[in-house]
Amino acid sequence: MLIDTHVHLYHRKYEIDRTAVVERAAEVGVARLLLPAIDVPSIHDALALCDAYPGAVFAMTGVHPSEVKEAADEDFEAAAALADDPRVVAIGESGLDYYWDRSFNDKQHDFLRRHACLAIEADLPLVLHNRDQRGSDACSRDLVEILRDVRRSHPEGERLRGVFHCFGGPLWLTQAVLDLGFHMGIGGTLTFKNGSVAEAIADVPLDRIVLETDGPYLAPTPHRGMRNEPAYVRLVAEHLANARGLTMEDIARQTTHNAEQLFGLPVTT
């Protein structure tokens, strides 16, 4: 069995065939799907899908860094109020995004700190978005420093854990993530010929990796440029198995165990 730890199943691109998407995933062994939040409406959309597909779909709560520019305190408070909902298994996706607009960096930093503290206080993993401008690692460095500071300053900072979603390095960040005790979310970019993911995770222990699609975005080869969907997490697993000289069963067993333990999911037998 495999788990897609990051898919926006509520996205409009799935409106026509959402049930078929879930069924196709199950047919290839992708039995559970975790839905990161973008904004408050998306949290409620995800919770509704948890009810529509019980045992297969789980939600997160939070405000995406790209949405922070227009977000108000009330948005964070509404997201935080849902952290104790039993359908919610993580806080996120939070993080930083310097790719499009750096005019509200300070607000992004503030919301990231709030999300990190919420994750600690709710005792839930924190799922992180991290996107730099090309050729820069300023976003990554700020993200790591904020997490380190929250871990140091919060009375229960040792609880801070989670996933660097869509991880792609560079190598200094690989070590920083390991030192923070976080996992790395690996998806379709692992299969890209011009990607840096394989090098960035070459020495990462398998017990610190979880699999994801980020659907409907970042479809793996040979579907690159098309709509991504949870069934394709199997292609990521196959690619990782080949790179590590392991079997698909090895990858599925360990990454599923990792996700179950990190997100507090029901354990499979």
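Preceding block: the structure.
These notes cover the structure that comes with them. (Residues numbered from 1 in each chain as written. Predicted model: local features only at pLDDT ≥ 70, side-chain atom pairs only at ≥ 80, totals over all residues. Heavy atoms only, no water.)

**Regarding the overall build of the protein chain**
Check the secondary structure of the protein chain and you find 9 helices and 8 strands. A compact globule built from 269 residues should have a C-alpha radius of gyration of about 18 Å, and the protein chain, at 17 Å, falls within 12% of that. Reported as C-alpha extents along the three principal axes, the dimensions of the protein chain are approximately 40 × 40 × 35 Å. Residues counted as buried form 55% of the 269 residues belonging to the protein chain. (Helix = DSSP H or I, 4+ residues; strand = E, 2+ residues; numbered from the N terminus. Rg over C-alpha atoms; globule rule 2.2 N^0.38 Å. Buried < 20%, exposed > 50% of the residue type's maximum accessible area, 1.4 Å probe, protein only.)

**Re the packing of aromatic side chains**
One pass over the full model with this rule turns up 3 aromatic pairs. Seen from their ring centres, F76 and F111 are 6.2 Å apart, and the 80 degrees between their planes marks the pair as edge-to-face. Of the two residues, F76 sits in helix 3 (residues 73-81) while F111 sits in helix 4 (residues 105-122), which places them 35 residues apart along the sequence. F76 sits in the buried class, given a relative accessible area of 10%. (Phe/Tyr/Trp six-rings, centres within 6.5 Å; stacked < 30°, edge-to-face > 60°.)

**With respect to the pairing of strand 2 (residues 30-35)**
Most of strand 2 is tucked away, with 5 of its 6 residues classed as buried. Here strand 1 (residues 2-4) pairs with strand 2 via 3 bridges, running parallel. Bridge pairing in strand 2 links L2 to V30. In this view, the connection linking strand 1 to its parallel neighbour strand 2 by way of helix 1 (residues 18-27) has right-handed handedness. Note: strand 2 against strand 3 (residues 57-61), 3 bridges, orientation parallel. In the sheet register, L35 faces strand 3, and the bridge partner there is A59. (Pairing = 2+ DSSP bridges. Right-handed = clockwise from strand over helix to strand, strands pointing away.)

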